[in-house]
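Breakdown of the fold
So the chains spell out like this:
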Amino acid sequence: MGINLIMMASELQSLLDALSTNMRTNASIYFITLTVILIASQLARVQAQRSIFSIGSKVTDPKVGAKKKTSGIFASAADVDGGNNEDSESGDEDDVIYADDEDSRTARSEVFQSCEVGFENIQIVLQGKNKKKPDRHILDGSLKGIAKPGRMLAIMGPSGSGKSSLIHAIAGRIDGNKKITVSGQRYVNGAELAGDSPLPCAFIEQEVNFFPHMTVKETLDFRVELKLGSSLGKSARDAVVLDLLEMLGLTKSADTIVGNTKVRGLSGGERKRLSIACELISSPPVLILDEPTSGLDSYQAGQVTDFLRKLADEQGKTIISVIHQPSQSVFEKFDDLLLVSEGRLMYYGETSKIRQYLSGLGYNCFKDTGTAE
Ligand SMILES: Nc1ncnc2c1ncn2[C@@H]1O[C@H](COP(=O)(O)OP(=O)(O)OP(=O)(O)O)[C@@H](O)[C@H]1O
Ligand SMILES: [Mg+2]
């Protein structure tokens, strides 16, 4: 595209030179120059609009670190536990949808649909403070699993077991340094991600800071403008905001201020949904969430999980979420479960099979007790 623009500009420049010799009128030259600038700026704008969709090609784009196609974890996931070992078909490059020729809004919702995330041998080692203190393995390298499009993977385990560390490692959000070493393999649709390159995902932290005095709509307007301002016009951006408000059930609260612990505003569940809405602006194929239901009552927790379920079912999003003490109904909304204890993999498979798995180990769950308990 850049080369085309340069070639076009140079051709037009030659034309301009020729015309300027023939016509020798300053007014014509001014008019033609203006036209060239207008055409070039329109082309640049189209190019910018296309570039926001380029994330859809990340799985095969070497610039973002996808190295090679490999069966990797997809061959070995079945060893971890029964349950979640169907063959993956989404590693086929044909499945990647490119938005270049699509209308922007339609493309935004379609392009990011199918993204399978695999991970294995994830290890995080914290260097000991001195020679006497040994290194500490936050994750021991046994962790592996697959999060599939249209499915929800729950990550559970006791406090301090390494759940947040795991999702940060999967997302490529841990900066390795002298003190912390991160290793393991991550795959997107079968292509291995290099090093700690970021996963094309939305990451929703446990606590999200908003400007408490801004309304929900103002918050979304602001974030949409920041993320899409250079590529979408005002009316298209307004439509994105309306879509997000509706999708997250926030339309009624659009004019409510966000608030915080000191300023009264949205409820905890609404604030959580707003944080998800903000992360959905760029239509990521994968959502990673750290305890989205913590601190919410069971009704609000149910609403947040229902919404995640909707995203998985209707838009084929891949959902990975750390979840803390879920009610049985929230727990059952998840398809797959990864249990971690002291940085070690305890179970990976379908949520519906965990009871059976535990009974096999001699841990019988009481019928009336929630599985998560
Ligand atoms: N950057 C770091 N430096 C030192 N220790 C760390 C670092 N990151 C994580 N840890 C330690 O690793 C362990 C696992 O932390 P992590 O936050 O992943 O646990 P968690 O399972 O998410 O716990 P919780 O349920 O309480 O959120 C903790 O003991 C924590 O102190
Ligand atoms: Mg945590």
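Residues numbered from 1 in each chain as written. Chains lettered and ligands numbered in written order. Predicted model: local features only at pLDDT ≥ 70, side-chain atom pairs only at ≥ 80, totals over all residues. Heavy atoms only, no water.

We now examine the overall build of the chain. Helix and strand counts for the chain come out as 11 helices and 11 strands. Expressed as a percentage of the 373 residues in the chain, the buried residues total 43%. In the chain, the proportion of contacts linking residues at least 24 apart, taken out of those at least 6 apart, comes to 72%. (Helix = DSSP H or I, 4+ residues; strand = E, 2+ residues; numbered from the N terminus. Buried < 20%, exposed > 50% of the residue type's maximum accessible area, 1.4 Å probe, protein only. Contact = heavy atoms within 4.5 Å.)

The element helix α5 (residues 163-171) is largely enclosed, with a buried count of seven among its nine residues. When we look at burial in α5, the residues that qualify are Lys163, Leu166, Ile167, His168, Ala169, Ile170 and Ala171. After α5 finishes, the residue Gly172 shows a positive phi value of roughly 75°.

Within the secondary structure layout, Leu248 lies in the loop between α7 (234-247) and α8 (268-280). Taking relative accessible area as the criterion, Leu248 reaches 2% and is therefore assigned buried. Between the C-alpha atoms of Leu248 and Phe307, which are 59 residues apart in sequence, the distance is 7.0 Å.

Not every one of the 13 residues close to ligand 1 is listed here, only the nearest: Arg136, Ser159, Gly160, Lys163 and Ser165. The backbone of Ser161 places a nitrogen or oxygen atom 3.1 Å from an oxygen atom of ligand 1. Note that an oxygen atom of ligand 1 is positioned 3.0 Å from one of the backbone N or O atoms of Gly162. Look at ligand 1: alone it shows 630 Å² of surface, and the protein chains cover 61% of it. At the level of elements, β3 (136-147) and α5 are the ones that each hand at least two residues to the shell around ligand 1. (Near = heavy atom within 4 Å. Polar contact = N/O pair within 3.5 Å; in protein donor to acceptor, adjacent residues only side chain to side chain. Areas by Shrake-Rupley, 256 points an atom, 1.4 Å probe, with all protein chains shown as cover.)

Time to look at the pattern of salt bridges. Within this structure, the stated rule accounts for nine salt bridges. Note that Asp221 is salt-bridged to Lys217, the shortest N-O span being 3.1 Å. Here Asp221 and its partner Lys217 are both found in helix α6 (residues 216-228), four residues apart, which amounts to about one turn of the helix. By relative accessible area, which is 26% here, Asp221 ends up partly exposed. Owing to a relative accessible area of 28%, Lys217 belongs among the partly exposed residues under this scheme. Among the charged side chains, a salt-bridge network with shared partners connects Arg309, Asp313 and Asp335. (Salt bridge = Lys/Arg side-chain N within 4 Å of Asp/Glu carboxyl O.)

Take the confidence of the model for the chain next. Predicted confidence across the chain gives a mean pLDDT of 75, with 67% of residues reaching 70 or more. Within the chain, strand β4 (residues 152-156) carries the highest mean pLDDT (97), whereas helix α3 (residues 72-80) carries the lowest (33). Here residues 38-112 is a poorly scored stretch, pLDDT under 50, and it has 137 contacts once near neighbours within four places are set aside; other chains count. (pLDDT = per-residue confidence, 0-100.)

To continue, consider the nonpolar core. Counting 44 residues, the largest nonpolar core has Leu220, Leu274, Ile276, Leu280, Leu287 and Ile319 as the members making the most contacts within it. Where this core is concerned, the elements lending two or more residues are β4, β7 (201-204), α6, α7, α8, β8 (286-290), α9 (298-315) and α10 (328-332). The greatest single-element share of this core, amounting to six residues, is contributed by α9. Discounting chain neighbours no more than four positions away, the residues touching Leu274 are Phe210, Val216, Thr219, Leu220, Leu250, Val258 and Leu266. (Core = buried A, V, L, I, M, F, W, Y, C linked by side-chain atoms within 4.5 Å.)

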